[in-house]
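Each chain, letter by letter, is given below.
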Amino acid sequence: MIDNPFAVFTPEGLTADRVVAIFSTEMPGLGNIESAGHAFVIGTRGSGKSILFRYLEPDCQRIVTKKALRELPFLSLYVSFRETQAQISELARFDDKHGEVFFNEHLLVLAIGAQVVLRLLRNNDIEADELTPLAREQHDELAALLGSDVADVSANVGQALKVMAARLQTAYRSAIQYVRKHGFKSDTLTYTGELYGFDDLLLPLIDFLRAALQMPDQSPILLLLDDADSLTETQTRILNSWVARRLSSRCSLKIAAQITAYKTMVTVYNTRIEAPHDYQEINLSDATGRASEKAYRSRIAGIVQRRLNTVGIVKAAERYFPEDHRQSLEIEREEKRLVAEWDAGRGRGYRARDDAYRYARPNYIAKLGGDRKSRSTYSYSGFDQLVHISSGVTRFFLEAAADMYSQSVALAPRGNKKVDSIQPRVQNEVVREHANRQMIVDLKDLERDVERLKGDPQQAVQLSNLIKGLGSMFESALIDRTAAERKLFSFALSEEPTREIDEVLRLGVRYGYLFQGVIGRKEGAGRAPLYILSRRLAPLFNLDPMGFSGYKFLSNDKVEQLMNDPEGARLSLRRRRGRTDENQMSIDFLDGGSDA
Amino acid sequence: MRELTGEDLRGTLHGTVSLISCLSFEERSLSVAKALSPGGLRRWLCILNEDIETDITDMRYKAEAIAADAGVSIQFLSASKRNPLLLADALIGLAEDLTLGDQDKWIGDITTMTHEMLLILVAAADEIVQQWSDLFLVYNVAGAYSGDDSPEEKWVSRGIHEVRSVIGYPGAWSPGEYTTMVALPGFDPERMHHMVEEIEPDQLVVGIACPIGERHAWSAEKNRGIAEQLLQTRKGKTFDYPALDPLGAIDAVIDVLRDTTSNVLLAPLNSKITTAALGVLARLRPEWQICYAPAFIYNLKYATPSDCFLTCTLDKIRAHALSRIGAVCTGN
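Calculation rules
Residues numbered from 1 in each chain as written. Chains lettered and ligands numbered in written order. Predicted model: local features only at pLDDT ≥ 70, side-chain atom pairs only at ≥ 80, totals over all residues. pLDDT = per-residue confidence, 0-100. Pairing = 2+ DSSP bridges. Helix = DSSP H or I, 4+ residues; strand = E, 2+ residues; numbered from the N terminus. Axes fitted to C-alpha atoms, helices over the stretch in contact; angles between N-to-C directions. Parallel < 35°, antiparallel > 145°, perpendicular 65-115°, else oblique. Left-handed = near helix turned anticlockwise from the far one by under 90°. Contact = placed C-beta atoms within 7 Å. Nonpolar A, V, L, I, M, F, W, Y, C, P; charged D, E, K, R; others polar. Core = buried A, V, L, I, M, F, W, Y, C linked by C-beta atoms within 7 Å. Buried ≥ 20, exposed ≤ 12 C-beta atoms within 10 Å, placed from the backbone. Arc of directions from axis to C-beta. Domains from an automatic or database assignment.

Student: Mind laying out the confidence of the model for chain B, listing which residues take part and the relevant values?
Tutor: This prediction gives chain B a mean pLDDT of 87; 90% of its residues lie at or above 70. Of the two predicted TM-score estimates for the complex, the pTM is 0.82 and the ipTM is 0.90.

Student: Can you tell me about the sheet that holds strand 15 (residues 309-313) of chain B, naming the residues and giving the values?
Tutor: Residue and element names in this part refer to chain B. What the 7 strands build is an open sheet, ordered 1-15-6-5-2-3-4; its pairing is mixed. Because the sheet does not close on itself, it has two edges, and the strands there are strand 1 (2-4) and strand 4 (74-79). Within this sheet the neighbouring strands show an average axis-to-axis angle of 25°, counted without direction. Inspection of the sheet shows strand 3 (residues 41-49) paired to strand 4 by 6 bridges, in the parallel sense. Residue pairing across strands places Asn49 opposite Ala79, the latter belonging to strand 4.

Student: A description of the environment of A:Asn436 should follow, citing residues and the corresponding values.
Tutor: Tracing the backbone shows A:Asn436 in helix 17 (residues 424-448). Expressed as a C-alpha distance, the spacing of A:Asn436 and A:Val20, which sit 416 residues apart in the sequence, is 34 Å.

Student: Break down the packing of helix 6 (residues 133-145) of chain A against helix 8 (residues 198-212) of chain A for me, citing the residues and quoting the values.
Tutor: Residue and element names in this part refer to chain A. Orientation of helix 6 relative to helix 8, taken along the N-to-C sense of each, is 155°, at an axis distance of 8 Å. By the angle class used here, helix 6 and helix 8 are roughly antiparallel. The element helix 6 and its partner helix 8 pack so that their crossing is left-handed. Between helix 6, through Leu134, Ala135, Gln138, His139, Glu141, Leu142 and Leu145, and helix 8, the contact on the second element is made entirely by Asp200, Leu201, Pro204, Leu205, Asp207, Phe208, Ala211 and Ala212. Its residues assigned to classes, the contact of helix 6 with helix 8 shows 10 nonpolar, 2 polar and 3 charged.

Student: Account for the nonpolar core, with residues named and values stated.
Tutor: Membership of the largest hydrophobic core comes to 150 residues, with the highest contact counts inside it found for A:Val41 and A:Leu110. The element contributing the most residues to this core is helix 5 (residues 100-123) of chain A, with 12 residues. Among all residues touching A:Val41, those that are not within four sequence positions of it are A:Ile33, A:Lys49, A:Leu52, A:Lys254, A:Ile255, A:Ala256, A:Ile282 and A:Leu284. Counting residues in hydrophobic clusters, the runner-up holds 100 residues, among them B:Ala35, B:Val141, B:Met181 and B:Leu281.

Student: Summarise helix 21 (residues 556-564) of chain A; cite the residues concerned and give the values.
Tutor: The complete set of buried residues in helix 21 of chain A reads A:Val559, A:Leu562 and A:Met563. With its buried residues spanning 95° around the axis, helix 21 of chain A presents them on a single face.

Student: Tell me what's going on with the environment of A:Pro73, and back it up with residues and numbers.
Tutor: All names here are of chain A. In this fold, Pro73 is placed in the loop between helix 4 (58-65) and strand 2 (75-80). Exposure remark for Pro73: the 13 C-beta atoms within 10 Å place this residue in the partly exposed category. Placed 146 residues apart in sequence, Pro73 and Ser219 show a C-alpha to C-alpha distance of 5.7 Å.

Student: Account for the domain arrangement of chain A, naming residues and giving values.
Tutor: Here the domain parsing of chain A yields domain 1 (25-283) and domain 2 (292-592). Here the residues of the side of domain 1 of chain A that touches domain 2 of chain A are counted per class, giving 3 nonpolar, 5 polar and 1 charged.

Student: Tell me about the packing of helix 8 (residues 246-256) of chain B against helix 10 (residues 314-329) of chain B, residues and numbers included.
Tutor: Residues and elements named next belong to chain B. Two numbers describe how helix 8 lies on helix 10: the axes approach to 10 Å, and their chain directions differ by 25°. As judged from the angle between their axes, helix 8 and helix 10 are roughly parallel. Crossing of helix 8 against helix 10: the hand is right-handed. Facing helix 8, whose interface residues are Pro246, Leu247, Ile250, Asp251 and Ile254, helix 10 presents Ile317, His320, Ala321, Arg324, Ile325 and Val328.

Below, the structure is given as structure tokens:
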């Protein structure tokens, strides 16, 4: 059995050696995260938030810097909120009740404390280190705070941390016992235990860890809080209240969350936290601008090379994922023709290479044939196309690459299981299959089975209609040689969305069919949300996934038509296009899926 | 687990009984009531989801007609897939209901309850509704699953709204320790996949429901495939347990978790019978948490009724679980 170099595993469980081997340091904002100050790391699921945090942990940093723990430039303490049992249903009994905030904070600080202590112990060889007098003093104060009336005789860091973790866990379980009693109680019961908070428990605990590990005062301590979108709204407000504090000298909060799932930016005091005043924002999924696209490509190239190195392959990403040779020659020829046209004064852009970039690939796709089926012979292969298709989400690239690798292993002759490159045919098949899986398995079934659905069927159908309508609209532009902007993948609303539209768009973003960015408003004042169709769906509509694309402004009426009246939207598109390509507009996924 | 026809069921129960069931879009939600009526029902409590999107007016009319034949009126208990406390509150009200006689024989038709409703019912029976401590559980076996779909296309639900603990099963975890998730998927691998993605357990243990005899024999291969798929990107293992056998499911889960020192999270989405068994077990192991994720959509043609009813009592399941836990503690 050969290890698949592109296999995706959750980073928390990876060894430090493996993380350092595969992590690409070409990550936006990495330097900012490593320094003092609060920061939000936002990105879609799979954009690399967790592996970034894992990379910052001391066991990884010791390998990277070849330094001892106390010599590291910073000390990171990792917590995943998935492991803090945030969604305990009984906690809802405390909603809007006196003490709701205090009790939730109590649970949070105990869970965070126990996690950081145990993870430090598990991943670092610190057990035998001697406890300094300062650390001993702080340890004893914390022990007293946690209700220990017996003098602790822990002689070394390992023993002291274990005892501390056990106390935190005991206090946490005791609090959960109290919560548990509320499942079948309408009123909240009197709480007689201790209540701990950020100031009286978590900060002293962090001070103790600094002393126990003998970290210099000038080395920042970073509390890495992963999966913050798992928190309830109350817990999120508590966390925001910590962010509103200036704490950099003692610890900095680095919070990772999915873009749309973080519940609120409001604190428990009903104030808002804002960037850059309260925190820095680092967006790992922002592939909406040329600069961020370039950085993303570079990051993926680094990841591919590092992962290939782990199986003994030294090759540039572009050579490992080659584009279909015949297709790339044809596109090159078209580029030359467009440059010649521009030189002859028949160009459309400011520069010859603008025309080549904008129109060569769309012209090639349009030339493949008049109907959708002919155009679906286009090959989605080559590293650059794969990068664009992954839509700024590292995991999408890796999952596709892992499937391509597995298929290539299966196709290789017996005894020769080393995959030196991925054939364009295999790349194309996997990309198309993934697109089908995303659209057909999820959305097409929802639409076809509308009468069989229970749940939120209307929104699912509206989303399905919208995605297909957008795809057809963008395809129509791509093959229209008279259109000013042929590479469309995005749209912005020219007015405030209705609630119905907003909910469907949020659903689309949540399920990864759409990505969200921002652009300047049409009227020039302020910013408006931009919705970008996932490039993973490009094969379903024969779209060109490459490069930075233009966008359309759509009115609420137009979006509502796409969502609720797909037939009307189709007729409207047909009228505009003059019935030149009816098959293209008939959105038939069974014919449009694959050329395999 | 006893297997009875509708006629046998009525004969077994000797006289009138009180029923708690759940009204849903499925015909199966009325199978037990039909089998008991007329003349066999003394009282009928019916759980009704407040935020159900599907129009079940016809089913409600049918239920009311059955109730009229039996000479009773239905008392609806409110539930909500968005707010599980609603059902807990309804059960609190019920526990305080002085007309809930101690002498009534109570039947729980668990066929079309959601897994969460069923687990809350089991917890309430253990904690506040004393009259249900020996609740007689009835499950109407499906005549066919997912219509004429081929085995690989059969499905029950897709997508999830959120993952949350079930009321009555918050667990008592030790934060910072590893987490083991025991997943019992049904024909909704995508839903379970989403749950695993949300929870990201350190270890995933997937139970494979093994059909007994010829009934739904086709499902064995499908269930094994679902388990393999779930474990593609996770550290973990599988274990077999007998489908539709609560005692066998308890044995299998206790065995697979015998040496576990980590936090335990149970995610039952297979048969309601297995879910009831895990509910009873988790009440005896309060450090284990049970989690649930409301489905985004359900297959409205998921299952058809049959004249086959499986029965078991909570007492019997509890006694078995206690004896197995005791045996593990004493090393047998």
